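Structure at a glance
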Amino acid sequence: MLIDKRLLDLITTHARRWIGVAVLLGWLIVILNVVQIALIGGAVDQVFQVIPPPKWLLPVFLGIIALRAAATWVARLASHKAAEQTKLSLRERLYGHILKLGPGYLGGERTGALVNTAVEGIENLEVYFGLYLPQLVLGLTIPILLVIFITTLDWLSALVLLFSQPLIPLSLGVIQRQFRAASNRFWASANKLSAQFLDSLQGLTTLKMFTRSQAQGEAIQAQTEELRQDTMRILAVNQVSLFFIDWVSTLGTTVVAVGMAAWRLDSGVLSFGEALTLVLLSVELARPLMLLGSFFHAGVSGIAAAQRIFSILEIEPAVKGSPQATEPEGFKPEIQFEAVDFAYVEEQENPKKQRPALHKLNMSIQPGETVALVGPSGAGKSTAINLLYRFFDPQGGEIRLSSIPLKTLPLDWLRAQIALVAQDTYLFFGTVAENLRLAKPDASQSELETAARAAHIHEFIAALPEGYQTQVGERGLTLSGGQAQRIAIARALLKDAPIVVLDEATSHVDAENEAAIQEAIERLTADKTVIIIAHRLSTIRDADRILVMADGQVIETGTHAALIAQNGPYARLVSAQRVVT
Ligand code: ATP
C-alpha cells in the first residue's frame with residue numbers, strides 16, 4: 001500500500017495525536033452506524049411480529065444521527081489540523097535546507113520549478129496526511145471490526161464477506177503503477193510550466209526588446225497544453241479506477257451479502273431483520289475501502305510530489321560548518337589563496353559533469369590593502385569571492401583568513417567579516433528601513449541615517465513619501481540602479497565588516513551618480529581590507545595592487561603604473577578598453 005516511511009517520519013508528535021483522534025472518531029462513527037443498523041434490524045423483526053416499536057427508538061435514532069454528525073465534523077477538523085502541522089514543519093525543513101544548500105545549489109536550479117515544489121508540492125500533501133492516512137488505518141481496521149460483529153449473526157456469511165474484501169486492495173495494487181507514472185508526469189509538467197512562466201516574467205523586458213514575447217507566449221501555451229493532457233490522463237486513470245473499485249466493491253460485497261442473506265434467510269438461519277442487518281452492514285464493510293480508493297489518487301499524487309521534496313532534502317550542502325569551529329583570537333583581515341583548484345558541478349544529478357573555474361590559484365591580500373581583481377570574462381574573479389564566502393569549498397589547495405583555514409572557522413562568523421556590494425543589489429519587498437536593517441537587525445534609526453548619509457542616499461530616502469518606512473518593490477524596481485546601489489553601500493556600512501568586496505560597484509550608473517557612489521565607497525572602504533572586482537579599469541588605478549587573472553590563475557601582479565610599464569596582459573586590457581571607450 002502507499003506508505004512512504006519518509007513521509008510518516010515527517011508527521012510531528014502533535015499531528016500524530018490529531019490523526020489518532022481522527023481514527024478514533026472514525027471508529028466511533030462506524031460503531032454508531034452498526035448500532036443504528038442493529039436497531040433497524042430489530043425494529044423490522046418486531047414489525048413482522050406485530051410488536052409496536054419501543055418509545056425510546058426515535059430519540060435514540062435522532063441522538064445517533066446528531067452524534068455522528070458531530071463526530072464527522074470533529075474528525076475532519078482533526079485531520080485538517082494534522083495535515084496543517086505536518087505541512088508547516090515540512091515547509092520549515094525544506095526552506096531551512098535550501099538556505100543551507102545556499103546560492104551554489106540555486107545556481108543550478110530553475111527557480112520556478114523549485115517554488116512549485118515548495119508551495120504546490122507541499123500543499124498537495126494536505127490530502128495525503130489529512131484524508132488518505134487516517135482512511136488507510138480505518139480501511140484496514142474497520143472491516144475486521146465489522147466482520148467480528150457479523151460473526152455474531154452468522155459465521156458463514158462473515159467468512160464469505162471477509163474473503164470478498166481483499167479484492168479492492170488488490171485492484172488498487174494493479175492500478176497503482178499507472179497512477180504513479182501519470183502523477184510523476186504531471187509534476188514534471190507543472191514544475192516546467194512554473195519555471196517557464198517565472199522565466200518569462202523576469203525576462204519580460206528582454207523578450208519585448210527582441211520582440212520574442214509572442215514566441216514565448218506560444219511556448220507557454222504548448223507547456224500548458226502538455227499539463228492539460230497530463231491532468232486529463234490522471235483524471236482518466238482516476239475515473240477508471242473509481243468505476244472499477246465501485247464495481248468490485250458492489251459486486252464483491254453487497255451482491256455477495258444479498259445472496260448470502262437470501263440463502264441464510266431461506267435456510268432459516270437468519271430472521272428477516274437479521275438478513276436486512278447483514279445487507280446493510282455489508283455496505284458499511286465496503287465503505288472504508290471505497291473511500292480509501294477515492295483518496296488513492298491524492299495519496300499517489302502526494303507521494304509523487306514528496307519524491308521531489310525528498311530529492312532536495314537529500315542533497316548534501318556543498319559546504320558544512322564545523323561544529324568544533326571557534327572564533328579566532330587576534331583576528332587580522334589577511335587573506336591567502338594557496339594553489340586553489342575549483343570546478344563547478346554543472347548538474348546535481350551528475351557530479352562528474354564539472355566546469356573548471358580556478359587552477360592552482362595563488363594570491364594573498366594583506367590587512368588594510370586594496371586589491372583589484374581584473375581579467376577577461378570567465379577568468380574566475382567572482383568564483384574566487386564565492387570561495388572566500390564559502391558558498392563552495394575548493395577541490396584542491398587551501399584558503400586562509402588570518403592564517404587560519406576557512407574550513408575551521410565558524411561559517412556565520414566568517415560571513416560576518418565580509419561586506420559585499422554586488423553588481424545586482426537585491427531589495428526585498430519591505431520598507432527601506434527593513435532593507436537596511438538586514439545588515440544589522442538591531443540598528444537604531446540614527447545609525448540607519450548615519451549610514452545612509454555616508455552612502456549619499458539619506459536625502460533621497462527622506463524625500464520619499466513615507467521616508468524610511470516607504471515600501472520598496474520585490475526587486476527594488478521602484479529605485480534606480482544607482483539608488484539601489486547606494487542602499488547596498490549603506491547596508492555594507494552598517495555591517496561594518498573588516499573586509500569589503502566591491503563587485504562591479506559602479507557599473508550601469510550615470511556620471512552624477514558615479515561621483516556620489518565613488519565618494520560613498522571611499523567612506524566604506526577607509527581602513528578596510530578591500531577587494532574590487534572591476535571591468536572598467538579606470539576605477540581601480542589607485543588600488544594598492546592589481547591582480548590580473550586569466551583561466552583561473554593570477555598571471556600578473558603590480559600597481560597600475562608598474563603593470564603599464566611591464567606592457568603585459570594588463571597593459572593590453574587597458575589599451576583595448578581605451579579603443580572601446
Ligand atoms: P565575469 O567578469 O564575466 O563575471 P569572472 O571572471 O567573474 O567573469 P567567473 O564568474 O568566476 O568569472 O567564472 C569562471 C568560470 O566558471 C566561467 O567559465 C564560468 O562559466 C563558470 N561558472 C561561473 N559560475 C558558474 C556556475 N554557477 N555554474 C557553473 N559554472 C559557472
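Residues numbered from 1 in each chain as written. Predicted model: local features only at pLDDT ≥ 70, side-chain atom pairs only at ≥ 80, totals over all residues. Heavy atoms only, no water.

Let us look at unusual backbone geometry. With a phi angle near 45 degrees, Ala339 is a residue other than glycine that sits in the positive phi range. Structurally, the position occupied by Ala339 is in strand β1 (residues 335–347). The residue His456 is not glycine, and still its phi comes out positive at about 60 degrees. Tracing the sequence through the fold places His456 in the loop between α14 (445–454) and α15 (458–462). His456 gets classed as partly exposed once you look at its relative accessible area, which sits at 27%. (Helix = DSSP H or I, 4+ residues; strand = E, 2+ residues; numbered from the N terminus. Buried < 20%, exposed > 50% of the residue type's maximum accessible area, 1.4 Å probe, protein only.)

This next bit is on the pairing of strand β9 (residues 499–503). The side chains of a regular strand alternate, first on one face of the sheet and then on the other. Burial runs high along β9: five of the five residues are buried. Residues of β9 alternate between two faces, with Ile499, Val501 and Asp503 on one and Val500 and Leu502 on the opposite face, all of them buried. Of the pairings in the sheet, the one linking strand β6 (residues 418–421) to β9 comprises four bridges and is parallel in character. For Ile418, the partnering residue across the bridge sits in β9 and is Ile499. Strand direction decides the pairing type here: β9 and strand β10 (residues 529–533), joined by five bridges, are parallel. Its bridge partner being in β10, Asp503 is matched across the sheet by Ile533. (Pairing = 2+ DSSP bridges.)

Let's shift gears to the site of the ligand. Around the ligand, the neighbouring residues are Tyr344, Arg355, Ala357, Pro376, Ser377, Gly378, Ala379, Gly380, Lys381, Ser382, Thr383 and His535. Arg355 places a polar side-chain atom, nitrogen or oxygen, 3.2 Å from an oxygen atom of the ligand. Ser382 places a side-chain nitrogen or oxygen 2.7 Å from an oxygen atom of the ligand. Protein contact buries 70% of the 630 Å² of open area that the ligand shows by itself. Elements with a minimum of two residues in the shell around the ligand: β2 (350–365) and α11 (381–388). (Near = heavy atom within 4 Å. Polar contact = N/O pair within 3.5 Å; in protein donor to acceptor, adjacent residues only side chain to side chain. Areas by Shrake-Rupley, 256 points an atom, 1.4 Å probe, with all protein chains shown as cover.)

We now examine the environment of Ile245. Take Ile245: it is sitting in helix α9 (residues 213–266). Owing to a relative accessible area of 2%, Ile245 belongs among the buried residues under this scheme. Considering only alpha carbons, one finds Ile245 and Arg541, 296 residues apart in sequence, at a separation of 78 Å.

In this section: a nonpolar patch on the surface. On the surface, Val21, Trp73, Val74 and Leu77 cluster together into a nonpolar patch covering about 360 Å² of accessible area. At three residues, helix α3 (residues 57–106) tops the list of elements feeding residues into the nonpolar patch. Overall, Leu77 belongs to the partly exposed group, its relative accessible area being 42%. (Patch = residues over 30% accessible without salt bridge, like charges linked within 9 Å, V, L, I, M, F, W, Y side chains within 5 Å. Salt bridge = Lys/Arg side-chain N within 4 Å of Asp/Glu carboxyl O.)

Moving on, we come to the nonpolar core. Ranked by internal contacts, the top residues of the largest apolar core, which has 57 residues, are Leu7, Leu94, Leu125, Tyr128 and Phe129. Considering each element in turn, this core owes the most residues, 15 residues, to helix α10 (residues 272–313). One finds Ala492, Ile521, Ile540 and Ala543 within the second-largest nonpolar core, a separate group that totals 46 residues. (Core = buried A, V, L, I, M, F, W, Y, C linked by side-chain atoms within 4.5 Å.)

Bringing the sheet that holds β1 into the picture now. Strand order in this open sheet of four strands is β2-β1-β4-β5, and the pairing throughout is antiparallel. The two strands at the open ends of the sheet, each matched to only one other strand, are β2 and β5 (404–405). Relative to strand β4 (residues 396–401), β1 runs antiparallel, the two being bridged by five bridges. Paired with Gln336 across the bridge in β4 is Arg400.

Read across the open sheet, the six strands follow the order β6-β9-β10-β3-β11-β12; overall the sheet is mixed. The open sheet has two edge strands with one neighbour each: β6 and β12 (553–558). Going across the sheet, the axis of each strand differs from the next one's by a mean of 20 degrees, ignoring polarity. Direction of pairing for strand β3 (residues 370–374) relative to strand β11 (residues 545–550): parallel, over a ladder of four bridges. Paired with Val371 across the two strands is Arg545, which belongs to β11. Across the sheet, α11 touches β3, β6, β9, β10 and β11, and the angle it forms with β10 is around 145 degrees. (Axes fitted to C-alpha atoms, helices over the stretch in contact; angles between N-to-C directions. Contact = heavy atoms within 4.5 Å.)

Scanning all chains against the criterion turns up nine aromatic pairs. Considering the side-chain rings of Tyr426 and Phe428, the 4.9 Å spacing of their centres and the 65 degrees angle between planes classify their relative orientation as edge-to-face. Taken together, the ring pairs in this structure connect Tyr128, Phe129 and Tyr132 into an aromatic cluster. Positioned over the ring face of Trp263 is Arg264, at 5.1 Å from the centre of the ring. (Phe/Tyr/Trp six-rings, centres within 6.5 Å; stacked < 30°, edge-to-face > 60°. Lys NZ or Arg CZ within 6 Å of the ring centre and 35° of its normal.)

When the terminal C-alpha atoms of helix α5 (residues 125–153) are compared, their 41 Å separation across 29 residues agrees well with the 42 Å that a helix rising 1.5 Å per residue should span. The sharpest bend along α5 comes to roughly 35 degrees, located at Tyr132, with the proline Pro134 sitting one to four residues further on. (Expected span 1.5 Å × (residues − 1). Bend = angle between axes of the 7 residues up to and from the residue.)

A word on the pattern of salt bridges. Counting across every chain of the model gives 20 salt bridges. In this structure, Asp230 and Arg185 form a salt bridge, with 3.9 Å as the shortest nitrogen-oxygen distance. Remark: Arg185 occurs in helix α7 (residues 167–202) and Asp230 occurs in helix α9; sequence separation between them is 45 residues. Ionic pairing is found between Glu369 and Arg545, a salt bridge with its closest N-O pair at 2.6 Å. Of this pair, Glu369 sits in the loop between β2 and β3 while Arg545 sits in strand β11; the two residues are 176 residues apart in sequence, bridging distant segments of the chain. Accessibility expressed as a relative area gives 12% for Glu369, which makes it buried.

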